[in-house]
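# Remarks on the overall topology
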Amino acid sequence: MNPLNYASLEASKKLVDVGIILETEVVFEQHLWPGGEAWELILKYLVSPTHKHIPAPSMAEVWRELPVELYIGVKTSYHLELVKLNEINRCTYRAITGSTLKHSIENINPTDALIELLIWTRKKEV
């Protein structure tokens, strides 16, 4: 399983913290020992019932949660750019209303960038 195909632990925690719990095939599972902890990316069906876990969405799992369209006065469109330059990945998304840039974020992980977009759209829907 390639961890680059899934959200980072930080982005996954952020989703849970804002109350967005996605149904995913992969989770981060917490392992505790005296003096420390570790989070492991595993398939959901392998989760131990005694361990804490956080959903780790893939890009597709986040994408299907985005609204088809969002109105903030006028229709807002989303633009996602994935760029790879000299082995460095960069993902930028922009939410644009008419000709006005409403929100923009850049992230190395495209799934994390989509998570930021999902959180932003959910705040605007409320």
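Residues numbered from 1 in each chain as written. Predicted model: local features only at pLDDT ≥ 70, side-chain atom pairs only at ≥ 80, totals over all residues. Heavy atoms only, no water.

## Concerning the pattern of salt bridges
Using the criterion set out here, one finds three salt bridges in the structure. The partner of lysine 44 in a salt bridge is glutamate 23, and the shortest N-O contact between them spans 2.6 Å. In this pair, lysine 44 sits in the loop between β2 (36–43) and β3 (53–55) while glutamate 23 sits in the loop between α1 (9–17) and β1 (26–33), placing the two residues 21 residues apart along the sequence. By relative accessible area, which is 32% here, lysine 44 ends up partly exposed. Look at glutamate 23 and you get exposed, because its relative accessible area is 61%. Across the pair glutamate 65 and arginine 122 runs a salt bridge whose closest N-O atoms are separated by 3.2 Å. Residue glutamate 65 is located in the loop between α2 (59–63) and β4 (70–72), and its partner arginine 122 is located in helix α3 (residues 110–125); the two are separated by 57 residues in the primary sequence. (Salt bridge = Lys/Arg side-chain N within 4 Å of Asp/Glu carboxyl O. Helix = DSSP H or I, 4+ residues; strand = E, 2+ residues; numbered from the N terminus. Buried < 20%, exposed > 50% of the residue type's maximum accessible area, 1.4 Å probe, protein only.)

## Observations concerning the nonpolar core
Counting 13 residues, the largest nonpolar core has Leu15, Ile20, Leu22, Val62, Ile115 and Leu118 as the members making the most contacts within it. Looking at this core, the elements that each hand over two or more residues are α1 and α3. In terms of residue count, α3 provides more of this core than any other element does, six residues in total. If near-sequence neighbours (up to four positions away) are discounted, isoleucine 115 is found in contact with Ala7, Ala11, Leu15, Pro57 and Val62. Judged by nonpolar contacts, the second largest core, of eight residues, contains Leu9, Val26, Phe28 and Leu41. (Core = buried A, V, L, I, M, F, W, Y, C linked by side-chain atoms within 4.5 Å. Contact = heavy atoms within 4.5 Å.)

## Notes on the pairing of β1
Where β1 meets β2, eight bridges bridge the pair, whose relative direction is antiparallel. Following the sheet pairing, histidine 31 is matched in β2 by alanine 38. Taking the residues that link successive antiparallel strands as the turn, the β1-β2 hairpin has two residues, and the phi of glycine 35 there is positive, at about 90°. Direction of pairing for β1 relative to β3: antiparallel, over a ladder of three bridges. Residue pairing for β3: glutamate 29 is matched across the bridge by histidine 53. (Pairing = 2+ DSSP bridges.)

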